[in-house]
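# Summary of the model geometry
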2 protein chains.
Amino acid sequence: MAYSLRAQGYRLIAISFDYGQRHRKELEFAEQMAADLDAPWTLIDLHAAGLTSFLTGSALTDETVTVPDGHYADESMRITVVPNRNAIMLSIACALAVTRDAGAVAFGAHAGDHFIYPDCRPEFVHAFESMVNLAVDGLATLEIITPFLSMTKTAIVELGSELNVPFERTWSCYKGGTLHCGTCGTCFERREAFAQAQVVDPTTYETDAAPART
Amino acid sequence: MAYSLRAQGYRLIAISFDYGQRHRKELEFAEQMAADLDAPWTLIDLHAAGLTSFLTGSALTDETVTVPDGHYADESMRITVVPNRNAIMLSIACALAVTRDAGAVAFGAHAGDHFIYPDCRPEFVHAFESMVNLAVDGLATLEIITPFLSMTKTAIVELGSELNVPFERTWSCYKGGTLHCGTCGTCFERREAFAQAQVVDPTTYETDAAPART
């Protein structure tokens, strides 16, 4: 998304969140990508804020809950939901946008997220945009940009390939190990997207064989 | 608000935010009141999260900006706006509510706030409630309770007096000194509310004389 927006001429400010995700490792990749794009990078540490003391029960933030393997659309993936995560992150990003005189906040939710993550759906995004413009009425007008909202990961990989995105410098895996595991929901979709887009996947996975589709 | 909700039979969970406000002192009062009401209390430290590194420019969070004296409705009070503050706080409170199986989040915005704080207005509250219920769709249904939204501070003092609220154990002053200053926007309104409600004001102010009304 960052590469695409830059190609469209946007000036970028990057913001990342530590919300106690076990794949906290994604933050290093985000910081590096912001540097590659000459975008100032801000880390908001919600873990230090004490937020993760109660965001338990999700496989993404609770070490006692196992990250499920399989496809996003599986019922088992519901355990990866962190309640209201995106409203929290977007509200903070919008505050940053107001203080930096930015006119928009971009959010990379994609079509494959909708099934299990209610806060990735178009109706949420539209309601959030209405809400935040009332919240900052008189201070700013903000657009919530979601270029991938109706795009599959396959289409996103195709776009990234056209833009020469260095995919080897990106991180997806929910387990946050040394390598991408290759079997969790987000790894599953990452592999599938490269395969369907017929783009060479530069990722090294722990498990080589692509998991079965069903 | 807490006393009123408890009188109505609600079970309470209290949440406070350190957002770098210079009247951080209000947090000790909130913690004490939660203890008085046997409500578990959670502090979210947005200052530790790094949020206040960019929430500059407001008199509430930026030590280089002077807290203005006078009435809330004065144009000068706009400097006390912290952009998108209430959407951030409410989003986090709603996440806590979902994880604790609470059915509602209560928010003490009052009628006197509307003029300068866009994120205290009824249209913001309604838009927020719609947004958050889309964000947590399938996980929870949340009501945003705002009992004071159309009440003046005078009416709030009258209600508090009926409920025997220990007003001496509450804090308003934006300056956050040893005593309430008596002259900033929120002290001005506090004094005025007690006077108009004809309730004895137990607060010790630095400046004894009530400021002139115009």
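In this report, the structure presented in the accompanying data block is examined.

Reading the values: rules and limits
Residues numbered from 1 in each chain as written. Chains lettered and ligands numbered in written order. Predicted model: local features only at pLDDT ≥ 70, side-chain atom pairs only at ≥ 80, totals over all residues. Helix = DSSP H or I, 4+ residues; strand = E, 2+ residues; numbered from the N terminus. Contact = placed C-beta atoms within 7 Å. Buried ≥ 20, exposed ≤ 12 C-beta atoms within 10 Å, placed from the backbone. Arc of directions from axis to C-beta. Axes fitted to C-alpha atoms, helices over the stretch in contact; angles between N-to-C directions. Left-handed = near helix turned anticlockwise from the far one by under 90°. Pairing = 2+ DSSP bridges. Right-handed = clockwise from strand over helix to strand, strands pointing away.

What follows is about the environment of A:Val199. Residue and element names in this part refer to chain A. Tracing the chain through its elements places Val-199 in the segment after helix H6 (185–197). Along the sequence, Val-199 and Cys-184 sit 15 residues apart, while their C-alpha atoms lie 21 Å from each other. Filtering out sequence-adjacent residues up to four positions away, Val-199 remains in contact with Val-157, Glu-158, Ser-161 and Phe-194.

Residue and element names in this part refer to chain A. Looking only at helix H5 (residues 153–162), the buried set comprises Lys-153, Ile-156, Val-157 and Gly-160. On an axial view of H5, the arc spanned by its buried residues comes to 100 degrees, and they lie on one face. Tucked into the core, H5 has its buried residues touching helix H1 (2–7) and H6. Looking one or two residues past H5, Asn-164 carries a phi angle of roughly 55 degrees, positive in sign.

We now examine the interface of chain B and chain A. Contact residues are listed per partner, giving 41 residues for chain B and 41 residues for chain A. The greatest single-element share of the side of chain B that touches chain A, amounting to 10 residues, is contributed by helix H3 (residues 85–99) of chain B.

All names here are of chain A. Running from N to C, H5 and H6 point in directions that differ by 65 degrees, and their axes come no closer than 8 Å. H6 is crossed by H5, and the crossing has right-handed handedness. Facing H5, whose interface residues are Lys-153, Thr-154, Ile-156, Val-157, Glu-158 and Ser-161, H6 presents Glu-189, Ala-193, Phe-194, Gln-196 and Ala-197.

As a further point, take the pairing of strand E1 (residues 14–18) of chain B. Consecutive side chains of a regular strand alternate in pointing toward one face of the sheet and then the other. All names here are of chain B. As judged from the five bridges shared by E1 and strand E2 (residues 41–45), these two strands associate in the parallel manner. Following the sheet pairing, Ala-14 is matched in E2 by Trp-41. Taken together, E1, helix H2 (residues 26–36) and E2 constitute a β-α-β crossover, and its handedness is right-handed.

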